[in-house]
Amino acid sequence: MSIKNSKTPFEHLSLPVITAPMFLVSGVKLLTECCKNGIVGTIPSLNNRTTEGLEEWIISIKSELAKFEKETGKKAAPFGVNLVIHPTNPRAQADLAVCVKHQVPLIITSLGAVSEVVNAVHGYGGRVFHDVTNRRHAKKAAEAGVDGIIAVAAGAGGHAGTTNPMALITEIRSVFNGTLILGGCINTGKDIATAIQMGADYAYMGTRFINTVESEASDEYKSMVSQCSADDIIHTPAVSGVKASFMRPSLEKAGYDLDALMNPSSIDYGTKLKPLDDEAKAWKTVWSAGQGVAGINGVTPVAELVAQLKQELTEAVSEQQAKLAQYI
């Protein structure tokens with residue numbers, strides 16, 4: 001099945017937003033509420049302990065969204081599953097097979113852009129987006145034939161990069177002309193407008209959705225997000241071997257030596273995630289977030305947050321048009 005060549009391939013969206021798949025935070029409820037409200041919802045496959053459990057989730061998601069469409073007459077936004085394509089992840093092939101079987105609309109790959117994965121997803125008309133933090137990885141993803149590249153810029157939560165978003169977009173565009181998604185400190189509708197103005201086709205939002213009613217984050221986790229500032233975000237490879245952003249208070253509470261956090265560790269998605277033990281336990285107590293915590297206060301339902309983002313985006317575009325008129 002051919003893939004339509006479009007930089008904005010998704011229909012029925014209320015905002016150009018894709019929610020990031022957050023380890024131990026994104027669940028079925030958060031995903032489906034996002035899709036019902038017109039933005040792309042995603043989950044990491046490893047948020048479920050088994051491939052069989054992942055399949056049950058996908059079946060549940062498709063059923064819930066079909067029910068929503070039948071009852072409301074509205075079209076839900078598409079959903080996606082994040083797959084860690086790394087040699088140490090023993091579930092990579094099995095999880096991919098389940099996604100292909102159920103024709104998941106969007107596959108987000110991490111730690112490996114592989115043409116075989118892309119071909120398998122393209123076989124049923126799905127799309128593959130790959131997250132990168134630099135030009136070199138973007139070039140490899142483009143060569144693998146991905147449909148979209150997620151530019152994870154400085155200040156993002158999770159496995160974030162360190163490059164300024166303006167520079168990162170420019171570098172990626174030098175090697176890739178497909179769909180470009182920008183992530184990193186995007187909290188408001190104005191931020192979404194800025195991402196689009198900078199050349200992105202979609203905004204990638206993670207940290208902002210931690211503090212939604214539907215997220216799997218604990219109340220203590222959400223409270224810490226509201227209390228932290230950008231200075232409280234520590235970017236370190238100490239937890240999983242890949243540099244990621246964590247909130248300082250959670251690192252301190254877990255007993256991490258903050259002076260030693262920049263020491264490299266080894267990447268391992270096999271023994272550390274079997275069955276969801278070492279690393280998963282760490283991420284349950286050491287909480288990830290991006291520098292965007294600076295603008296987050298309180299907890300809101302997804303529907304309320306999306307409505308707020310739409311209003312802010314509309315106001316931001318109007319303001320930009322008014323300012324532009326002063327110089328043209």
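Counting of residues starts from 1 at the beginning of each chain's written sequence and follows it residue by residue. The predicted nature of this model means local features are confined to residues of pLDDT at least 70 and side-chain atom pairs, given and counted, to a pLDDT of 80 or more, with totals for whole chains, interfaces and linings taken over all residues. With hydrogens and water stripped out, all remaining heavy atoms of the structure feed into the side-chain values.

Draft legend 1. Highlighting the nonpolar core. The criterion is simple. A nonpolar core is a set of buried Ala, Val, Leu, Ile, Met, Phe, Trp, Tyr and Cys residues joined through side-chain atoms within 4.5 Å. A simple rule labels every residue: compare its accessible area, found with a 1.4 Å probe on the protein chains alone, to the largest value its type can have, and call it buried under 20%, exposed over 50%, or partly exposed in between. Ranked by size, the top nonpolar core spans 71 residues in total, and within it Phe 79, Val 81, Ile 107, Ile 149, Ile 172, Phe 209 and Met 247 carry the most contacts. Other than its neighbours up to four places away in sequence, Phe 209 contacts Thr 19, Met 22, Leu 30, Cys 34, Ile 39, Ser 215, Val 302, Leu 305 and Leu 309. Residues Ile 18, Leu 106, Phe 129 and Tyr 202 belong to the second largest nonpolar core, which totals 14 residues. Any pair of residues with heavy atoms lying within 4.5 Å of one another is described as a contacting pair.

Draft legend 2. Quick peek at the packing of aromatic side chains. Pairing of aromatic side chains here covers Phe, Tyr and the six-membered ring of Trp, requires ring centres within 6.5 Å, and sorts the geometry by plane angle: under 30 degrees stacked, over 60 edge-to-face, intermediate tilted. For the structure on display, the rule yields three aromatic pairs. Summarising the aromatic geometry, the rings of Phe 10 and Tyr 202 are spaced 5.9 Å apart at their centres and angled 45° between planes, so their arrangement reads as tilted. Taken as a pair, Phe 10 in the segment before β1 (17-19) and Tyr 202 in strand β8 (residues 202-205) lie far apart in primary sequence, 192 residues in all. Taking 4.9 Å as the distance between ring centres and 5° as the angle between the ring planes, the aromatic pair formed by Tyr 221 and Trp 287 counts as stacked. In this pair, Tyr 221 sits in helix α9 (residues 219-227) while Trp 287 sits in the loop between α11 (278-285) and α12 (302-325), placing the two residues 66 residues apart along the sequence. Taken as a pair, Tyr 221 and Trp 287 share a single burial class, namely buried. Through pairs of rings, three or more aromatic residues link up here, namely Phe 10, Phe 129 and Tyr 202. Counting from the N terminus, the helices are DSSP H or I runs at least four residues long and the strands are E runs at least two residues long.

Draft legend 3. Representation of unusual backbone geometry within the structure. A positive phi is found at Leu 111, a non-glycine position, where the angle reads about 60°. If you trace the backbone, Leu 111 turns up in the loop between β4 (106-110) and α4 (115-122). On the basis of relative accessibility, which here comes to 31%, the residue Leu 111 falls in the partly exposed class. Despite not being glycine, Cys 185 has its phi angle at roughly 65°, a positive value. Structurally, the position occupied by Cys 185 is in the loop between β7 (179-183) and α7 (189-197).

Draft legend 4. Up close: a nonpolar patch on the surface. Like charges are joined within 9 Å and nonpolar side chains (Val, Leu, Ile, Met, Phe, Trp, Tyr) within 5 Å, but only among residues with over 30% relative accessible area and no salt bridge; these make up the patches. We get accessible surface area from the Shrake-Rupley algorithm with a probe of 1.4 Å; when it comes to residues, only the shown protein chains can shield them. The rule for a salt bridge is simple: a side-chain nitrogen of Lys or Arg has to be within 4 Å of a carboxyl oxygen of Asp or Glu. Together, Leu 324, Tyr 327 and Ile 328 make up a nonpolar patch on the protein surface, roughly 440 Å² of accessible area in all. Within the secondary structure, Tyr 327 is located in the segment after α12. The class of Tyr 327 is exposed, set by a relative accessible area of 68%.

Draft legend 5. Main features of the sheet that holds strand β2 (residues 41-44). When DSSP finds two or more bridges between two strands, those strands count as paired. Overall, parallel pairing links the eight strands, which are arranged β1-β8-β7-β6-β5-β4-β3-β2 in an open sheet. Looking along the sheet, the strands with just one partner apiece sit at the ends: β1 and β2. Sheet twist, expressed as the average angle between the axes of neighbouring strands with direction ignored, equals 25°. Along the sheet, helix α2 (residues 51-72) makes contact with β2 and β3 (79-84), crossing β3 at roughly 165°. A fitted line through C-alpha atoms serves as each axis, taken over the contacting stretch for helices, and the angle formed by two N-to-C directions is quoted from 0 to 180°.

Draft legend 6. Representation of the environment of Arg 173 within the structure. Within the secondary structure layout, Arg 173 lies in helix α6 (residues 165-173). Residue class for Arg 173 comes out partly exposed when judged on its relative accessible area of 24%. Arg 173 sits 38 residues away from Arg 135 along the chain, and the two C-alpha atoms are 8.9 Å apart. Those residues in contact with Arg 173, other than ones at most four positions away along the chain, are Lys 7, Gly 178, Leu 180, Gly 199 and Asp 201. One polar contact links the side chain of Arg 173 to the main-chain carbonyl oxygen of Phe 176, over a distance of 3.4 Å. Any pair of N or O atoms that falls within 3.5 Å is considered a polar contact. Within protein, one atom must be able to donate a hydrogen and the other to accept it, and sequence-neighbouring residues count only if both atoms are side-chain atoms.

Draft legend 7. Representation of the state of the cysteines. Disulfides are defined as pairs of cysteine sulfur atoms found within 2.5 Å of each other. Under the defined criterion, the tally for this structure stands at zero disulfides. Cys 99 takes part in no disulfide bond, and the closest cysteine sulfur to it belongs to Cys 35, at a distance of 14 Å. Cys 228 takes part in no disulfide bond, and the closest cysteine sulfur, belonging to Cys 185, lies 13 Å away.

Draft legend 8. Highlighting the pairing of β8. Residues Tyr 202 and Tyr 204 of β8 are buried on one face, and the alternating residues Ala 203 and Met 205, pointing to the opposite face, are buried as well. With three bridges connecting them, β1 and β8 associate as parallel partners. Pairing of Ile 18 across the sheet is with Tyr 204, part of β8. Pairing analysis gives three bridges linking β7 to β8, with the strands arranged parallel. Each bridged residue has a counterpart across the sheet, and for Ile 181 the counterpart in β8 is Tyr 202.

Draft legend 9. Geometry of the environment of Phe 129. Among the secondary structure elements, Phe 129 is positioned in strand β5 (residues 127-132). Residue contacts for Phe 129: discarding those within four places in its chain leaves Phe 10, Ile 18, Leu 106, Ile 107, Ile 108, Thr 109, Asp 147, Gly 148, Ile 150, Thr 179 and Ile 181.

Draft legend 10. Broad picture of the confidence of the model for the chain. The pLDDT value expresses, per residue, how confident the predictor is, ranging between 0 and 100. Chain-level statistics for the chain give a pLDDT mean of 91 and a share of 91% at 70 or above. Confidence drops under a pLDDT of 50 for residues 1-5, and excluding neighbours within four residues, the segment shows eleven contacts in the predicted structure. Below pLDDT 50 for its whole length, residues 269-277 participates in 28 contacts with residues either more than four positions away or in separate chains.

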